[in-house]
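# Report on the structure
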Amino acid sequence: MWNEVLARVGDRRRRHPILYLAGPADIDRDIAMQKGVLGQNLIAIDKYPANVEAIRRRGYPSIRGRIEDVLRAWPDDWPVSAVLLDYCSGLEPTVLVALEAMLFRRPFSGTEVVINLQRGRDASTNSHRARVGQVLLSRDKNPKHRGLIVAYSLMEMLCNLRLANGDLPDASTALRRVECLYRSLNWRTFEYRSETRQTYDSLVLTVPPEITATSAWSCVGPVKLRNEIRALRAVRTRRLNETPSMFALSQASR
Ligand SMILES: C[S@@+](CC[C@H](N)C(=O)[O-])C[C@H]1O[C@@H](n2cnc3c(N)ncnc32)[C@H](O)[C@@H]1O
């Protein structure tokens with residue numbers, strides 16, 4: 001997945017951070033750094049304090065909180081190049097809340113997003129998935145693929161928003177317009193089965209700038225998180241400025 005994301009992100013990764021769900025072993029950081037991403041440009045997020053503290057002890061940026069809150073609290077003037085959401089669950093409603101927080105905010109304009117979900121462990125969305133699954137079946141698509149369900153749900157979300165805002169006259173016009181945006185999500189799905197026969201579904205997409213450009217949503221997340229992100233930004237900038245030679249060296253040796 002990193003290869004796909006880094007190819008899409010290109011040079012942006014040098015300027016703008018990548019946010020990701022950390023986990024206890026923080027394997028993604030090691031992979032990304034081996035592929036040339038600066039440690040200070042990888043910002044780990046996790047709801048468990050122990051995971052966050054372990055990363056801080058290694059001198060890397062990390063934030064304790066729920067990802068959907070962090071995305072809502074992210075500063076309006078700090079663009080993000082990619083967000084990797086490797087969940088240890090299925091399609092819970094909070095996954096869609098996290099996506100919504102990115103679709104309508106400027107720092108995520110053009111951001112590459114990866115969502116990794118397990119099939120099962122998501123009884124809370126059974127009826128939603130059953131309904132969207134019917135639509136996918138009618139389009140000859142796998143009705144169980146969590147990534148496809150997420151992509152289609154985003155399209156519905158956009159459609160409803162446009163209608164509610166009175167931007168478009170009726171549902172069929174809205175659907176036609178949103179179908180165009182849906183294609184501009186530039187999405188791709190992946191699927192794999194683990195040795196324990198668990199199926200993992202992934203979706204990679206680009207947040208379309210044409211949505212964020214017309215959106216007025218600004219930073220609204222919890223104040224405590226906003227302050228924490230501001231402090232982290234200051235420390236990260238200082239570290240990047242103080243030790244340029246160290247980073248240059250680590251890059252040169254890759
Ligand atoms: C599967 S692990 C990520 C593993 C990681 N990709 C790695 O390379 O090691 C998922 C992590 O995300 C955290 N997590 C799950 N949902 C979250 C949420 N909504 N907000 C913040 N953290 C969350 C979990 O606590 C867990 O540590």
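Here we summarise the structure given alongside this text. (Residues numbered from 1 in each chain as written. Predicted model: local features only at pLDDT ≥ 70, side-chain atom pairs only at ≥ 80, totals over all residues.)

A separate point is the overall build of the chain. The number of helices and strands found in the chain is twelve helices and seven strands. By the compact-globule yardstick of 18 Å for 254 residues, the chain fits well, its C-alpha radius of gyration being 19 Å. Here the C-alpha coordinates of the chain stretch approximately 55 × 45 × 35 Å along the principal axes. Looking at the chain residue by residue over its 254 residues, the buried ones come to 31%. Taking all contacts inside the chain whose residues are at least 6 apart in sequence as the whole, residues at least 24 apart take part in 68%. (Helix = DSSP H or I, 4+ residues; strand = E, 2+ residues; numbered from the N terminus. Rg over C-alpha atoms; globule rule 2.2 N^0.38 Å. Buried ≥ 20, exposed ≤ 12 C-beta atoms within 10 Å, placed from the backbone. Contact = placed C-beta atoms within 7 Å.)

Within the open sheet, the seven strands sit side by side as β3-β2-β1-β4-β5-β7-β6. Their pairing is mixed. With partners counted over all chains shown, the strands left at the sheet margins are β3 (62–64) and β6 (188–193), one partner each. In this sheet, adjacent strand axes meet at a mean angle of 15° when their direction is disregarded. The pairing of strand β2 (residues 42–46) with β3 spans three bridges and is parallel. Following the sheet pairing, Asp-46 is matched in β3 by Arg-64. (Pairing = 2+ DSSP bridges. Axes fitted to C-alpha atoms, helices over the stretch in contact; angles between N-to-C directions.)

A few words on the packing of helix α7 (residues 126–138) against helix α8 (residues 146–164). Where α7 contacts α8, the axes come no closer than 10 Å and their chain directions differ by 90°. As the angle between them shows, α7 and α8 are arranged roughly perpendicular. In this structure, α7 contributes Arg-129, Val-132, Val-135 and Leu-136 to the contact, and α8 contributes Leu-148, Ile-149, Tyr-152 and Ser-153. Split into classes, the residues belonging to the contact of α7 with α8 amount to six nonpolar, one polar and one charged. (Parallel < 35°, antiparallel > 145°, perpendicular 65-115°, else oblique. Nonpolar A, V, L, I, M, F, W, Y, C, P; charged D, E, K, R; others polar.)

The pairing of β6 with strand β7 (residues 199–206) spans six bridges and is antiparallel. The residue bridging Glu-191 from the neighbouring strand is Asp-201, located in β7. Connecting β6 to the antiparallel partner β7 that follows it, the hairpin turn spans five residues, and Arg-197 within it adopts a positive phi of roughly 65°.

This brings us to the environment of Gly-23. One can find Gly-23 in the loop between β1 (18–21) and α3 (27–34). Spatially, the C-alpha atoms of Gly-23 and Lys-224 are 22 Å apart, while their sequence positions differ by 201 residues. Gly-23 has contacts with Asp-46 and Asn-51, leaving out every residue within four places of it along the chain.

Now for the site of the ligand. Lining the immediate environment of the ligand, one finds 19 residues, of which Leu-21, Gly-23, Ile-27, Asp-28 and Asp-86 sit closest. Mapped onto the shell around the ligand, the elements with two or more residues apiece are α3, β2 and α5 (67–73). Its residues assigned to classes, the shell around the ligand shows nine nonpolar, three polar and seven charged. (Near = placed C-beta within 6 Å.)

Everything listed here is a matter of coordinates, which is why it stays silent on function.
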